[in-house]
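An overview of the molecular structure
Residues per chain are reported as follows:
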Amino acid sequence: MAHDAEDVSPTSQVEESDPDALLSPPPDTIPEPGLNGNPADRTESYTRIAPFQEWHDTSVEFFYKPITLTALGFGLAALSYVAMTQDVLEEGRDKRRVGAYAAVVSFLMFSMIQFRDGPFIRPHPAFWRAILGINLLYELALVFLLFQDLNSARRMMTLLDPSLNRPLPEKSYAENCALTPQNIWDAIDIFCLAHALGWFGKAMILRDYWFCWILSIAFEFAEYSLQHQLANFAECWWDHWILDVLVCNWLGTYLGIKTCQYLEVKPYEWRGLRQTSGLRSKARRVLSQFSPHDWTAFKWEGTTSFLHYLIVVLLLAVFLAAELNPFYLKSLLWMEPDHPIVILRLAGVFLCALPAVRELYQYINNPRYAPTILTELLVITKWSKGQFTEPLPLYVRWAWIVGGVLVVLYPAIRFGVPSVRKYVRKQKLKRKGRKGKKEKVQ
């Protein structure tokens with residue numbers, strides 16, 4: 001009996017009068033965080049561990065099971081069928097187009113399987129990996145075109161569309177600028193809807209009302225500055241400021257911001273398909289898979305610090321370049337504004353910008369969107385040599401100089417002057433401290 005009493009720890013929670021409790025496992029205790037009784041420092045980066053549910057949408061279990069080998073097998077089977085069967089590829093036909101499409105699809109499948117996840121998990125992380133793969137393919141195509149001359153690039157575009165490589169007439173929108181209801185009605189076309197949809201998308205990307213307003217006004221000034229190069233930038237004053245800014249751009253921005261506000265306050269409660277009962281509930285759950293898993297409101301706060309100001313200015317410059325690039329590309333490559341390649345480029349940039357700006361806001365060190373826009377700028381700069389012979393007007397040059405000075409002068413006054421004053425005060429305090437020490441020694 002004494003030996004049995006020694007086996008039971010004096011600190012054990014088991015009562016001696018309950019012999020059956022000795023056979024049960026010890027109760028689960030939650031250890032206190034920290035070391036030797038000291039609380040854990042949750043401000044350290046290594047302690048910020050996100051739960052699995054935040055990175056993987058476990059409400060739909062089937063879609064998040066590893067199927068790498070299965071996808072590889074189906075992909076190779078489809079590739080073998082297309083490459084080997086005579087009813088798909090007849091002998092003697094040009095197979096270069098089909099081979100290029102097969103290479104693109106194979107690369108996208110590889111990207112869906114092997115690329116890292118982004119910040120979005122809906123409808124599935126593999127979808128956003130494929131978007132990253134499309135962005136990479138477009139970047140590689142731009143790098144290839146960067147080493148071609150303009151005439152060669154125009155001929156290469158006929159491989160995608162034989163109707164290309166034909167000069168297009170230049171169209172100006174500043175022919176009859178009288179402010180009359182008839183002229184305004186004649187100016188309303190399908191591109192007004194495209195303007196509104198475009199700014200709805202920009203509002204969903206930037207998620208900031210004033211940021212969109214600044215970008216909208218900056219783009220109109222850019223059109224004024226570059227209308228000597230592209231005729232379709234020449235518009236009537238009411239077309240710039242009333243039809244574009246106050247109607248189309250504002251409507252798209254307003255609806256986009258309202259959508260962001262709704263998604264911000266919307267309650268998100270996710271259940272798996274197995275936990276959902278009823279056909280209607282299951283259908284609603286399937287449709288909700290294409291909605292955001294959660295929503296983060298952006299507060300850029302460009303005037304709080306120099307880093308925030310620099311990020312906002314750089315992001316504004318990248319977006320402005322992304323707005324101007326398609327106008328130059330379609331002018332240089334002789335494409336209509338409604339050509340499928342132009343529309344696909346706009347859709348691709350929108351889908352790539354969604355996770356890119358989200359990552360930029362969260363980490364401020366991972367802008368995957370900027371290199372593609374910068375490569376487009378390099379291509380446009382190279383191909384524009386000898387194409388736009390009219391010099392930059394003097395008033396436009398002075399306007400950009402004044403704007404650049406203001407962009408540099410504001411952070412110098414807002415952040416530089418207080419930093420210099422703080423540094424001077426610190427040096428004065430150090431000198432006073434040294435003098436006090438010397439007097440004590442003497």
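This report concerns the structure included in the present document.

Calculation notes
Residues numbered from 1 in each chain as written. Predicted model: local features only at pLDDT ≥ 70, side-chain atom pairs only at ≥ 80, totals over all residues. Heavy atoms only, no water. Helix = DSSP H or I, 4+ residues; strand = E, 2+ residues; numbered from the N terminus. Areas by Shrake-Rupley, 256 points an atom, 1.4 Å probe, with all protein chains shown as cover. Patch = residues over 30% accessible without salt bridge, like charges linked within 9 Å, V, L, I, M, F, W, Y side chains within 5 Å. Salt bridge = Lys/Arg side-chain N within 4 Å of Asp/Glu carboxyl O. Lys, Arg positive; Asp, Glu negative; His and termini not counted. Charge placed at Lys NZ, Arg CZ, Asp CG, Glu CD. Buried < 20%, exposed > 50% of the residue type's maximum accessible area, 1.4 Å probe, protein only. Expected span 1.5 Å × (residues − 1). Polar contact = N/O pair within 3.5 Å; in protein donor to acceptor, adjacent residues only side chain to side chain. 1 Å grid on protein atoms, 1.4 Å probe; cavity = no way out; pocket = protein on both sides within 12 Å on 5 of 7 lines; lining within 4 Å. Points joined across faces, edges and corners; volume = space filled by probe spheres on them. Disulfide = S-S within 2.5 Å. Nonpolar A, V, L, I, M, F, W, Y, C, P; charged D, E, K, R; others polar. Core = buried A, V, L, I, M, F, W, Y, C linked by side-chain atoms within 4.5 Å. Axes fitted to C-alpha atoms, helices over the stretch in contact; angles between N-to-C directions. Parallel < 35°, antiparallel > 145°, perpendicular 65-115°, else oblique. Left-handed = near helix turned anticlockwise from the far one by under 90°. Contact = heavy atoms within 4.5 Å.

The number of helices and strands found in the protein is 15 helices and 0 strands. Element-wise, carbon and sulfur atoms account for 65% of the exposed surface of the protein, whose accessible area totals about 29,900 Å².

Together, Arg421, Lys422, Arg425, Lys426, Lys428, Lys430, Arg431, Lys432, Arg434 and Lys435 give the surface a local cluster of positive charge. Here Lys422 is to be found in helix α15 (residues 394-441). Looking at Lys422, the relative accessible area reads 53%, which means it is exposed.

Once that is clear, we can look at helix α8 (residues 190-206). Structural remark: α-helix, 3.6 residues per turn; residues separated by three or four positions point the same way. Under the 1.5 Å per step criterion, the end-to-end length of α8 is 25 Å for 17 residues, consistent within 8% with the ideal 24 Å. The backbone nitrogen of Phe191 has a side-chain oxygen 3.1 Å away, supplied by the residue at the start of α8, namely Asp189. One or two residues past the end of α8 sits Arg207, with phi positive at roughly 60°.

Take the layout of surface pockets next. Size it by volume and the second largest pocket reaches roughly 1,600 Å³. Where the lining of the second largest pocket is concerned, the elements lending two or more residues are α4 (96-114), α5 (125-146), α6 (150-157), α12 (306-332), α13 (340-363) and α14 (370-383).

Between two cysteines, a covalent bond joining their sulfur atoms is known as a disulfide. Overall, the coordinates contain 1 disulfide when judged by the stated rule. For Cys177, the disulfide goes to Cys236, at an S-S distance of 2.2 Å. Measuring handedness by torsion sign, the sulfur bridge of Cys177 and Cys236 sits at about -80° and is left-handed. Residue Cys177 is found in the loop between α6 and α7 (181-187), and its partner Cys236 is found in the loop between α9 (209-226) and α10 (237-265); the two are separated by 59 residues along the sequence.

For the rest of this paragraph, the subject is the pattern of salt bridges. The final tally for this structure, using the stated rule, is 4 salt bridges. Asp117 is paired through a salt bridge with Arg129; the nearest N and O atoms lie 2.6 Å apart. In this pair, Asp117 is assigned in the loop between α4 and α5 and Arg129 in helix α5, connecting sequence segments 12 residues apart. Look at Asp117 and you get partly exposed, because its relative accessible area is 32%.

Here the focus is empty space enclosed by the protein. Using the criterion set out here, one finds 2 cavities of 30 Å³ or more in the structure. Taken as a whole, the second largest cavity spans an internal volume of roughly 30 Å³. Around the second largest cavity sit Cys212, Trp213, Ser216, Val245, Asn249, Trp250 and Thr253, which together line it. Secondary-structure elements contributing two or more residues to the lining of the second largest cavity are α9 and α10. Take the lining of the second largest cavity: its biggest share by element is 4 residues, from α10. Looking at the lining of the second largest cavity residue by residue, the classes come out as 4 nonpolar, 3 polar and no charged.

The next subject is the environment of Val318. Summarising the element assignment, Val318 is placed in helix α12. Separated by 55 residues in the primary sequence, Val318 and Ile373 place their C-alpha atoms 7.0 Å from one another.

Further remarks concern the nonpolar core. The biggest cluster of nonpolar side chains holds 46 residues, and the ones touching the most others in it are Trp300, Leu315 and Trp383. Where this core is concerned, the elements lending two or more residues are α5, α6, α8, α9, α12, α13 and α14. In terms of residue count, α12 provides more of this core than any other element does, 10 residues in total. Core analysis: the next-biggest nonpolar cluster, separate from the first, contains 5 residues, Val318, Ala321, Ala370 and Ile373 among them.

Looking now at the packing of α4 against α5. At a minimum axis separation of 8 Å, α4 and α5 run at an interaxial angle of 135°. By the angle between their directions, the pair α4 and α5 is classed as oblique. Like other packed secondary-structure pairs, α4 and α5 cross with a definite hand, here right-handed. Across from Val104, Phe107, Leu108, Ser111, Met112 and Ile113 in α4, the residues of α5 making contact are Ala126, Arg129, Ala130, Gly133, Ile134, Leu136 and Leu137. Residues belonging to the contact of α4 with α5 are distributed by class as follows: 10 nonpolar, 2 polar and 1 charged.

None of this, on its own, says anything about what the molecule does.
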